[in-house]
Amino acid sequence: MTEIFKIVFMTSLYASFVGLIIIFFKWILKDRISSEWHYIIWVVLILKLIVPFGPESAVSLFNAVPIVAQNTNLTQATEQFHKSTAVMQQENPHALTAWKVQDTSLSIITIVERYMPYFWLFGAILLSIWLLYINYSLNRKIKKRGIIASESINLIFEECKNRMGVKRNIQIIRQDVIDTPALFGVFKPKILLSPAILNLNDKDISYILLHELAHYKRKDLLANYLLLVLQIIHWFNPVIWYCFKRIRQDMEVAADQRVLAVLEGGEQKEYGKTLLVVLESFSLPSLAPRLIGMIDDRKNMERRIRMIRMAEFFKSKRRLFMVTGILFVVILCGVLLTNPLTKQVSFEIGNYTLKVPSDWKVKSVKLN
């Protein structure tokens, strides 16, 4: 268990560094790449969390990061400390006052190291149970209180499916459990609509359905489930939580861009107005972590509307943004998915030079 936690902790530590670098690059790029590529760039962080160890490279940014020893054993260090203090006590019984304070500190650190893996496992299990309960409760309420959408909405939906190129049968459920339009379920996906949808006109309803279909087309539900699994494993890391929040925000903007790709010029402005209508008419779900919906926090909604206004610009520079996006993803993979070079120490033995990694512990060398 201790070794597993060490791997998780080191992965989380280095992934945090990767996430902060990506945020910095995204801040530099801003409108120099499309919203689609702002979302794709995050794949570097996901790969780092899934495959934390890569090949050694001279261009790795981790060459500039202090190496944290993964084989540190505080228990052995404490035992060695106790042996040293025992020898000192025999030689000078009056010189151990300061050492006793350090002994207490080491004991506390040892206890933390011993029980931290179990605390991490307890937190991961607790979060898993909570997510499963919320999902089960939501699914049961929808089955109990949900009804099939009206024929008029289904007619609009069929037209939206044709525009988005979706052939799969997806149910539209009208329910009062979740107040915001959302996509729910992986194996049997459903689009959830609240009764407030009846207050909107057909055009606004079609844009909402197109947005949810864009999420389905882009496999965003599967991406969201992957984020939840990684969030459970790295629940103790606030940097990872913040990065995942940014990923979900970029996911919404990328879905907007997919919708804009099937709309005509005049419709793109109408779609932006629909976002404002959705912001005023619906609210964010508080306990529905597995839902993918059109509603977002106000700050990101403003960003999405700004990106919609630039839709024609992004469409005209699509090839340039694609080349720029691919270039930056390749660069980030090269510098962030690789390991630092192993530092070596040289030993001169006669006419031979022996090189070993600096973290190796060479106790003795016997020459015959």
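Since we're looking at a predicted model, the values are computed, not measured. (Residues numbered from 1 in each chain as written. Predicted model: local features only at pLDDT ≥ 70, side-chain atom pairs only at ≥ 80, totals over all residues. Heavy atoms only, no water.)

Relative to the helices and strands, D204 resides in helix 7 (residues 202-217). The charged side chain of D204 is buried without a salt bridge, its nearest counter-charge being K203 at 9.2 Å. Separated by 2.8 Å, the side chains of D204 and T274 make a polar contact. When residues no more than four places from it in sequence are discounted, the contact partners of D204 are T274 and V277. (Helix = DSSP H or I, 4+ residues; strand = E, 2+ residues; numbered from the N terminus. Buried < 20%, exposed > 50% of the residue type's maximum accessible area, 1.4 Å probe, protein only. Lys, Arg positive; Asp, Glu negative; His and termini not counted. Salt bridge = Lys/Arg side-chain N within 4 Å of Asp/Glu carboxyl O. Polar contact = N/O pair within 3.5 Å; in protein donor to acceptor, adjacent residues only side chain to side chain. Contact = heavy atoms within 4.5 Å.)

This next bit is on a positive patch on the surface. Taken together, the side chains of K167, R168, K217 and K219 make up a positively charged region of the molecular surface. Mapped onto the elements, K167 comes out in the loop between helix 6 (151-164) and strand 2 (171-174). (Patch = residues over 30% accessible without salt bridge, like charges linked within 9 Å, V, L, I, M, F, W, Y side chains within 5 Å. Areas by Shrake-Rupley, 256 points an atom, 1.4 Å probe, with all protein chains shown as cover. Charge placed at Lys NZ, Arg CZ, Asp CG, Glu CD.)

The next thing to look at is the packing of aromatic side chains. Considering all chains together, one arrives at twelve aromatic pairs under this definition. Seen in terms of ring centroids, F119 and W235 are 5.6 Å apart; in terms of plane orientation they differ by 70°. Their pairing is edge-to-face. Note that F119 is positioned in helix 5 (residues 97-145) and W235 in the loop between helix 8 (220-233) and helix 9 (238-260), a separation of 116 residues in sequence. Taking the relative accessible area as the measure of exposure, W235 reaches 24% and is therefore partly exposed. Here a set of aromatic residues connected by ring pairs shows up, and it is made of F5, F9, F119, W120, W235 and F236. (Phe/Tyr/Trp six-rings, centres within 6.5 Å; stacked < 30°, edge-to-face > 60°.)

A side chain of one charge can pair with a side chain of the opposite charge when the charged atoms of the two come close. What the rule picks out here adds up to ten salt bridges. Here K161 and E158 are joined by a salt bridge, their closest N and O atoms 3.8 Å apart. Of this pair, K161 and E158 are both found in helix 6, three residues apart, which corresponds to roughly one turn of the helix. A salt bridge links R304 to D256, with the nearest nitrogen and oxygen atoms 2.6 Å apart. With a gap of 48 residues between them, R304 in helix 11 (residues 298-309) and D256 in helix 9 connect regions that are remote in the sequence. With a relative accessible area of 2%, D256 lands in the buried category. Each member of the salt-bridge network shares a partner with another, and the members are E36, R218 and D220.

Another point: helix 10 (residues 265-281). For an α-helix the count is 3.6 residues per turn, leaving residues at separations of three or four pointing the same way. The terminal C-alpha atoms of helix 10, which comprises 17 residues, lie 25 Å apart, in line with the 24 Å expected from a rise of 1.5 Å per residue. Of the positions making up helix 10, those classed as buried are E267, Q268, Y271, G272, T274, L275, V278 and L279. When helix 10 is viewed along its axis, its buried side chains cluster within an angular range of 155° and face the same direction. Exposed side chains of helix 10 directed beyond 90 degrees from the buried face belong to G266, K269 and E280. (Expected span 1.5 Å × (residues − 1). Arc of directions from axis to C-beta.)

To continue, consider the nonpolar core. Counting 35 residues, the largest nonpolar core has I172, I191, L193, I197, L209 and Y271 as the members making the most contacts within it. Listing elements by their share of this core, those giving two or more residues are helix 6, strand 4 (190-193), helix 7, helix 9, helix 10 and helix 11. Here this core gets eight residues from one element, more than from any other, and that element is helix 7. If we skip the residues at most four places from it in the chain, I191 touches F157, I170, Q171, I172, I173, A182, L183, L209 and E212. The next biggest cluster of nonpolar side chains, apart from the first, holds 32 residues, and it includes M10, A15, L29 and I247. (Core = buried A, V, L, I, M, F, W, Y, C linked by side-chain atoms within 4.5 Å.)

A few words on the pairing of strand 4. Burial of strand 4 is two-sided: the residues K190 and L192 facing one way and the residues I191 and L193 facing the other way are all buried. Here four bridges tie strand 2 to strand 4, and the two strands are oriented parallel to one another. Residue pairing in the sheet places I172 in a bridge with I191 of strand 4. The loop that links strand 3 (residues 182-184) with its antiparallel partner strand 4 comprises five residues; one of these, G185, has a positive phi angle of about 95°. (Pairing = 2+ DSSP bridges.)

Let's shift gears to helix 6. Between the first and last C-alpha of helix 6 there are 20 Å, a value that for 14 residues agrees with the 20 Å anticipated at 1.5 Å per step. When we look at burial in helix 6, the residues that qualify are I153, I156, F157, C160, K161 and M164. In an axial view of helix 6, the angular spread of the buried residues amounts to 145°, which keeps them on one side of the axis. Residues of helix 6 that are exposed and point more than 90 degrees away from the buried face comprise E151, L155 and N162. Those residues of helix 6 hidden inside the fold are in contact with strand 2, strand 4, helix 7 and helix 9. Positive phi appears at G165, one or two residues downstream of helix 6, with a value of about 75°.

Function cannot be inferred from these measures alone, as they are strictly geometric.
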